[in-house]
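Close look at the chain arrangement
Chain by chain, the residues:
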Amino acid sequence: MIDLKLLQKDFDAMSAKLSRKKVDTSLIADLKQKNEELKKAKTEFETLQAMQNSMSREFGIYKKEGKDVSELKAKVDANKINIATALETQRERQEELETLAMSIPNMPDENVPDGADENDNIEIKKVLTPCKFTFTPKEHWELAEQNGWIDFERGVKLATSRFSVSFGMGAKLERALINFMLNFNSKRGFEEVSVPVIVNRNALKGTGQLPKFEDDLYKIDSQELFLIPTAEVPVTNLFADEILEESQLPIKMTAYTPCFRKEAGAAGRDTRGMIRQHQFHKVELVAITTPQNSDEVFDEMLACASDILTALELPHRLVTLCTGDLGFSAARTVDIEVWLPGQNTYREISSVSNTRDFQARRAKIRYRNGNKNSMVHTLNGSSLAVGRTLVAIMENFQNEDGSINIPKVLEPYLN
RNA sequence: GGAUCUUUGGCAGAGUUGGUCGAAUGCACCGGUCUUGAAAACCGGCGAGGGUUAUACCUCCCAGAGUUCGAAUCUCUGAGGGUCCA
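Quick caveat, the model's predicted, so the values are computed rather than measured. (Residues numbered from 1 in each chain as written. Chains lettered and ligands numbered in written order. Predicted model: local features only at pLDDT ≥ 70, side-chain atom pairs only at ≥ 80, totals over all residues. Heavy atoms only, no water.)

**Thoughts on the overall build of chain A**
Tallying secondary structure elements over chain A gives twelve helices and 16 strands in all. By principal-axis analysis of the C-alpha atoms, chain A measures approximately 100 × 45 × 45 Å. Looking at chain A as a whole, 50% of its 415 residues are labelled buried. Restricting the contact set of chain A to residue pairs at least 6 apart, pairs at least 24 apart contribute 73%. (Helix = DSSP H or I, 4+ residues; strand = E, 2+ residues; numbered from the N terminus. Buried < 20%, exposed > 50% of the residue type's maximum accessible area, 1.4 Å probe, protein only. Contact = heavy atoms within 4.5 Å.)

Structure follows, in structure tokens:
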């Protein structure tokens, strides 16, 4: 959530930043207005409540002294009615404000480039050079089927479209990749955690998926529970409602989970193959830091993800997302795109984001900052999307006959 | 699924004849005295959010609803935990 105090103090700066993310200034103005209305309603209620409290105290004293309370009771009863209406309006204002505030995205950092969509993203650097093939490289679905690694039809049979089944070496490689990535991250100082893949509404509000993106989530109807779209949700929310000691920070974690996404807005895109599935494996990095440290940790996370690809000998590039491509909660994001020779293009395989204090404010994750409590910064990044890594291995390590070599670093994991 | 007990500040744990309780006490933590330094001892501070220049004031004792002039304390519902039964 954006900082309402800051909004009150510096409306212009804030609306300028948010307008870069295509948030209408009138919406921000509305938010400010609602905040002021809430404050007013609160003051009104609190004044009445203070009266009530002091009269009630008086009441107790009267009783003890055996005085007549009938006059006082009349006053107090009359006030009670006013309190009830004041409380009601306060609640209405509160709800209005919250509904609006929770649906406004994070402000982009100063140095995030302006742009409309992914075409305006800016490449930072390329790592490893794509190798030249002496034949026309195939796309991964062809290779996957030829080698018997992935069965797309049977996935559909079991569930619905955008589900697949891995067999044999395909399944082994997935497992190998997960283990390799977790080990790699552990060595970089990220503690491994294993978390629920079903979470409640509150957790999803904390990280920003709700209330706005309910359509993208699989919901368990009978209870207010959802399948996670990313491990970012349970891992970040581990520390919701907590006040951490500064000495505990940064907290750096890594988790493997399956992820579930409805892909509601992706009709027709990537329908073939396993680039965009409803269920996929992902190893995630999450960090909770002080504001001073978050950029440094961001670089660590980015390096970690990039170095995994390098270790797997997969050419990739780093791309700074422009304002138009930036996610709801992110102040800043760098994507890693892996080279897919079959598709002859770079495709997203990781996304590292700093949400600054946006999620922290929603999830109430604070730390003791001297003698006061401040919001932490939260960061998340994939390291990596397992299915897409497998796709990249297939396409980059293919031979002319359709067989596929295995990256050396994975060999120990395949015995 | 049924019965019963339980849910308090970072932790432990008082508070259940409703009032001055945001809440004793201990531990932890922070500051100080002492010490070459540390420990111990002693002194002081120490829940969160809003509000204020600062006070005042308001809210929060699992969540929600209710009774009452007034609820951590009483009633109901729900959630988590324990025990017993099926």
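**Things to note about the protein's contact with RNA strand B**
Taken together, 20 residues sit near RNA strand B, with N53, S56, F59, K64 and K73 positioned nearest. Backbone sugar and phosphate groups make up 71% of those atoms of RNA strand B lying within 4 Å of the protein. Taking R91, its side chain carries an N or O atom lying 3.5 Å from a phosphate oxygen of RNA strand B. Here a phosphate oxygen of RNA strand B sits 3.2 Å away from a polar atom, N or O, in the side chain of N373. (Near = heavy atom within 4 Å. Polar contact = N/O pair within 3.5 Å; in protein donor to acceptor, adjacent residues only side chain to side chain.)

**Comments concerning the domain arrangement of chain A**
Taken domain by domain, chain A comprises domain 1 (4-101) and domain 2 (118-414). Taken over C-alpha atoms, the centre of domain 1 sits 43 Å from the centre of domain 2. (Domains from an automatic or database assignment.)

**Some details on the side chain of D335**
Here D335 is to be found in strand β12 (residues 332-340). Although buried, D335 forms no salt bridge, and the nearest oppositely charged side chain, R388, lies 7.7 Å from it. In this structure the side chain of D335 is engaged in a polar contact, spanning 2.6 Å, whose partner is the side chain of S351. Discounting chain neighbours no more than four positions away, the residues touching D335 are R317, L318, V319, L321, E348, S350 and S351. (Lys, Arg positive; Asp, Glu negative; His and termini not counted. Salt bridge = Lys/Arg side-chain N within 4 Å of Asp/Glu carboxyl O.)

**Regarding helix α2 (residues 11-19)**
Those residues of α2 lying buried are F11, M14, S15 and L18. Each buried residue of α2 lies within a common arc of 95 degrees when the element is viewed along its axis, so the set occupies one face. Where the residues of α2 are buried, they touch α1 (4-9) and α3 (25-65). (Arc of directions from axis to C-beta.)

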